[in-house]
Amino acid sequence: MASKRNFKKDINFLTNEILMRGIIHLNFFGRENSEDVYVIMNEATASRNEYIARINEKLSGKTTKEIKNHYKSIYDDLLDSTHNLLGKIDNLDVAV
């Protein structure tokens, strides 16, 4: 990770991918499972806000190792939640 700014851009990109996947699902499958898709999209938005808040935390007085571990945990959580949310949307697919 080069900077907080780039990390925030990555978070926004992954969140937008989830939201776009939800919109595509709604366009292809209509109103089937629409409530579930909206719940997943809201969950993605809430997790985005949580990650941005975690990045913006003041880390003064911490060692460089603690700071690296802090950002590593955010990154790992981000990848796990993105994978899980995309999997949830993919599992909603209806047989055409």
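Please refer to the structure placed before this passage.
Residues numbered from 1 in each chain as written. Predicted model: local features only at pLDDT ≥ 70, side-chain atom pairs only at ≥ 80, totals over all residues. Heavy atoms only, no water.

Engineer: Honestly, the pattern of salt bridges in this entry has me stumped. Any pointers?
Structural biologist: Taken as a whole and judged by the stated rule, the model has five salt bridges. Residues arginine 21 and aspartate 90 are paired through a salt bridge, measuring 2.8 Å at the closest nitrogen-oxygen approach. Of this pair, arginine 21 sits in helix α1 (residues 4-29) while aspartate 90 sits in helix α3 (residues 64-91), placing them 69 residues apart in sequence. Judged by its relative accessible area of 33%, arginine 21 is partly exposed. Arginine 54 is paired through a salt bridge with aspartate 77; the nearest N and O atoms lie 3.0 Å apart. Here aspartate 77 lies in helix α3 and arginine 54 lies in helix α2 (residues 34-55), a separation of 23 residues in the sequence. For aspartate 77, a relative accessible area of 32% corresponds to the partly exposed category. Three or more residues are tied together by salt bridges with common partners; here these are Glu50, Arg54 and Asp77. (Salt bridge = Lys/Arg side-chain N within 4 Å of Asp/Glu carboxyl O. Helix = DSSP H or I, 4+ residues; strand = E, 2+ residues; numbered from the N terminus. Buried < 20%, exposed > 50% of the residue type's maximum accessible area, 1.4 Å probe, protein only.)

Engineer: Is there a simple way to explain the packing of α1 against α2 in this structure?
Structural biologist: When two helices pack together, their arrangement is given by the angle between their axes and by how far apart the axes lie. The interhelical angle for the contact between α1 and α2, taken along N-to-C directions, is 175°, at an axis separation of 9 Å. As the angle between them shows, α1 and α2 are arranged roughly antiparallel. For the pair formed by α1 and α2, the contact residues are Lys4, Phe7, Lys8, Ile11, Asn12, Thr15, Ile18, Leu19, Gly22, Ile23, His25 and Leu26 on the first element and Ser34, Val37, Tyr38, Met41, Ala44, Thr45, Arg48, Tyr51, Ile52 and Ile55 on the second. A per-class count over the contact of α1 with α2 returns 13 nonpolar, six polar and three charged. (Axes fitted to C-alpha atoms, helices over the stretch in contact; angles between N-to-C directions. Parallel < 35°, antiparallel > 145°, perpendicular 65-115°, else oblique. Contact = heavy atoms within 4.5 Å. Nonpolar A, V, L, I, M, F, W, Y, C, P; charged D, E, K, R; others polar.)

Engineer: Mind showing me how you'd approach the environment of asparagine 33 here?
Structural biologist: Within the secondary structure, asparagine 33 is located in the loop between α1 and α2. Sequence-wise, asparagine 33 and isoleucine 89 are 56 residues apart; in three dimensions their C-alpha atoms are separated by 9.7 Å.

Engineer: Please clarify how the environment of histidine 25 should be interpreted in this entry.
Structural biologist: Structurally, the position occupied by histidine 25 is in helix α1. Here the alpha-carbon distance between histidine 25 and phenylalanine 7, two residues 18 residues apart in the chain, equals 27 Å. Ignoring any residue separated from it by four or fewer positions in sequence, one finds histidine 25 in contact with Gly30, Glu32, Asn33, Val37, Ile89, Leu92 and Asp93.

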